[in-house]
Amino acid sequence: MNFPCALSISADSGMCVSFTDRISTFMHFHSDAEKQSYGIVRGDAILLKDFCFIDSAGKIITRALCTKMTARCGSLEFVFPSFSFFISLLFTGREYPVLCIRYVPDNCSSAVFPVPLKLVLLAGSSIVCEEAEKDEKEILKKEFLSDAIHPFIFSGLTHTSQIFYVSFLKKSKAELILQKENYTSGLMHNHRYQIEQFFADFSFSVSSLDAQENNKNNVFCKALLWAQFSGWMMVTGIHERGIWAGLPWFRDNWGRDTFIALPGILLVSGQFEEARNVIESFAEYQNIDEESESYGKIPNRYRSDADVIFNTADGTLWFIRELWEYIQYTADIDFLKKMFPVVQRALEADRTLRCDTAGFLTHGDADTWMDARIENNEPWSPRGNRACDIQALWYTALTLGSCMASFCGNLNDEKRWNDAAQKVKVNFSRFFVYSKPPFIADCLHPDGLPDMSLRPNQLFCTTVPNLSGLHDEADHLIDESMRKQSIHTVFENLVFPYGITSLDQNHENFHPYHDSCPMYHKDASYHNGTIWLWNSGPAVEAACMINEQDSVYELSLSHAKLMLPSYSKQYTGACAGSLSENMDAYRNKGAIHLSGTFSQSWSLSEFSRTAYTSYAGIHPCLISRRIIISPSFPSSWKSGRINFRAGELLLTLVWKTEEPAEKVFFTLSSRPVKKGSFGHLQISVCLAQEKGSRAYKKDYTLLPEGSCSFSGFIVKKAEKISFAVPAADDRNKKLIAAISEENYLYNKIKGMKL
């Protein structure tokens, strides 16, 4: 069992650390005490602002004297010169959070440093604490220059390690009580047990004999474990499980974000029960009012029965796609039959109420993932009324719906939806696809004219239909030749070695900086140049589909480095062990500025998902009792071992490369989680039998407690795909309207531009 390595974060690293209790609360501390730390937050309430200590002379020891933080799975250590202080936000399953706090003196330290006698937790204003002594409160007020101090004090720190448990309990609608508890170590043991159980079903390690290559592989694997853990912590709720979109402010169940994040967070890690709960929770909120404009839709966001919104064209389509992926990972046919009426209502509502004569799904200007608006009015990036990614999702949902109908014995829907999908496919080639760059229109406007702006959205036309059970050429929306041209165009114009811009830098509306430019509102840049880390997932997947894995591995490694403190000087504002929502398109003073949420679920998910499904090429298809293994290993992955779960089977894929021929020898073995839970599987392997030739499929049989071996060559391109080159000098930057003319795009949209 592999666990993420401890991350040592120095005070000057510029990084932060964040954990959740997987229910309702998150904890966040910045390495620099002068920078904003959210403390511990539940809903709108700050439960804990900070902490400090009081020494024997009555002086305050604050976090400013902390030399470093060390992040471990579910625990954060603050290292001071003569002691360490640990906080764990425990996984208890309770509505209100519980903290485990440890004080560990360094009795071997030779440092001349005050020894604390008292620990002070600085609670939020809505927290009721035991009244502190007057002199203690005066010292704290003076130190923090505030009368709004709510201290909770632990006295009698000694020269031996001590453990405290602290719980927050509801006192009234607006107040919580903070109190010390006399828990045994059982809560902490349960916390650790949950972490161990999470990591029990998967592992991922790759290596090379070359030291430099192996260092890169180690960076990737370390980051992958942290990405999976940080993503798992975003799965929250007590009865209805959801996936928070991002920290600190997107702590809601957002439909689009949830289902884009679900495969990389819950499926590749084998957390199938939680995945099912998430899908079912959203299905409960489907709009079933036939008179409503949103009839048939899955929510874009829900908080309660009284607070549900449906303002999205794609959330429902991602729901259908991820329901199918869940079924492929689990063979849970009973759940498919239970969910089929939800799918039926959704597809028929879209097909009969929202499609044009060409079969395309229509929608509003801001109903795609590029949804930012000016003061909730005009869209910053209008893409109505037929965006290319929406049509790719619509085609895929219809195709999958037809497959689901077949399994559920509904022949009428099977044919109806398959016919509708084929109509979309034929007309997509007719109206969206062109013979010259950018090859695929970003959207069709209501008047039928194409918008030829180059954005990453056309990657979805390649990747969205690329699913388990849909691997035949006939299932793709666009043909192989067009896929290659589209992918190369996107890479050569949008993909930098560190991220993919949301708009071509040569476009008149391009904004190179997100929230760090005074010339415009940050939302002007949000989908008009700002890099979205989750878009790297489709970029990696698309590159692997055309055997360009060695090129795109550089992009994956750049994201891996974001999570590790060793590379903190290359970035500003990183969260250790996690990935942010956004980053600027251009560097600033040599560093890449991260922005948006400091921890974003779909960024983490896409990093994890592509490791398993794109590079390793693992695609469970348990609905047809098979697993596809179609590896696109980077050249440095000479050997490796991957553990993963499919249904009630634990599987291990091991490989080793024979040099210098570069032939790869594999063994896939299985072990049932439950005796007699699964029969034999067909393993469909896609490898080349000669170096430099095309891959072809060969089938093997895998018994429940058996293994099968196979060998071949990984198909890869000899020449690397070209990355885009950012405008590096000030002369080129001055040609960008957004940074040479104040509020350029705002004035243009509002009709105020001269």
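Residues numbered from 1 in each chain as written. Predicted model: local features only at pLDDT ≥ 70, side-chain atom pairs only at ≥ 80, totals over all residues. Heavy atoms only, no water.

## Remarks on the side chain of Arg 241
Rules: Here a helix means four or more residues in a row that DSSP labels H or I, a strand means two or more in a row labelled E, and each is numbered from the N terminus. To sort residues, take the accessible area from a 1.4 Å probe on protein chains only and compare it with the maximum for the residue type: under 20% means buried, over 50% means exposed, and anything in between is partly exposed. Within 3.5 Å is the distance limit for a polar contact, defined as a pair of N or O atoms, with the added protein rule that one can donate a hydrogen and the other accept it, and that residues adjacent in sequence qualify only through two side-chain atoms.
Within the fold, Arg 241 resides in the loop between strand 17 (235–236) and strand 18 (242–247). With a relative accessible area of 8%, Arg 241 lands in the buried category. Within the structure, Arg 241 has its side chain in polar contact with the backbone oxygen of Arg 22 (distance 2.9 Å).

## Some words on the environment of Ala 724
Tracing the backbone shows Ala 724 in the loop between strand 39 (707–712) and helix 16 (730–733). Using a relative accessible area of 4% as the deciding quantity, one classes Ala 724 as buried. Through-space distance from the C-alpha of Ala 724 to that of Ile 500 is 9.0 Å; in sequence the pair is 224 residues apart.

## Quick look at the pattern of salt bridges
Side-chain pairs of opposite charge can arise where the charged atoms are in close proximity. Let me state the cut-off plainly: Put simply, a salt bridge is a Lys or Arg side-chain nitrogen that is within 4 Å of an Asp or Glu carboxyl oxygen.
Following the criterion strictly, the structure yields 34 salt bridges and no others. One salt bridge connects Arg 321 with Glu 325, and the closest N-O pair in it is separated by 3.4 Å. Highlighted residues: Arg 321 and Glu 325, both in helix 6 (residues 315–330), separated by 4 residues, approximately one helical turn. Taken together, the shared-partner salt bridges in this structure form one network comprising Asp 252, Arg 301, Arg 303 and Asp 307.

## Some details on unusual backbone geometry
Asn 385 follows Gly 384 through a cis peptide bond whose omega is 0°. Residue Pro 660 is bonded to the preceding Glu 659 through a cis peptide linkage, with omega at 0°. Tracing the backbone shows Pro 660 in the loop between strand 35 (649–658) and strand 36 (663–672). One non-glycine residue, Arg 22, lies in the positive phi region at around 65°. With respect to the helices, strands and loops of the structure, Arg 22 is situated in the loop between strand 2 (16–20) and strand 3 (25–30). Of note in this structure, Glu 375 is not a glycine but carries a positive phi near 50°. Structurally, the position occupied by Glu 375 is in the loop between helix 7 (333–353) and strand 22 (386–387).

## Some words on the environment of Asp 365
The test is simple: Only heavy atoms matter for contacts: two residues are in contact if any of them lie within 4.5 Å across the pair.
Along the chain, Asp 365 turns up in the loop between helix 7 and strand 22. Here the alpha-carbon distance between Asp 365 and Ala 387, two residues 22 residues apart in the chain, equals 9.1 Å. With near-sequence residues (within four places) excluded, Asp 365 lies in contact with Met 370, Pro 379, Ser 381, Pro 382, Arg 383 and Gly 384. A polar contact of 2.8 Å, which involves the side chain of Asp 365, links it to the backbone nitrogen of Gly 384.

## Observations regarding the sheet that holds strand 32 (residues 618–621)
We count it as follows: Two strands are said to pair when DSSP picks up at least two bridges between them. To get an axis, a line is fitted to the C-alpha atoms, and for a helix only the part in contact is used. The angle between two axes follows their N-to-C directions and goes from 0 to 180 degrees.
Spatially, the 4 strands line up as an open sheet ordered 32-33-37-38, and their pairing is mixed. What marks the edges here is a single partner per strand, and that holds for strand 32 and strand 38 (696–702). The average undirected angle you get between the axes of adjacent strands in this sheet is 20°. In this structure, strand 37 (residues 681–687) lies alongside strand 38, joined through 7 bridges in antiparallel fashion. Its bridge partner being in strand 38, Val 685 is matched across the sheet by Lys 698.

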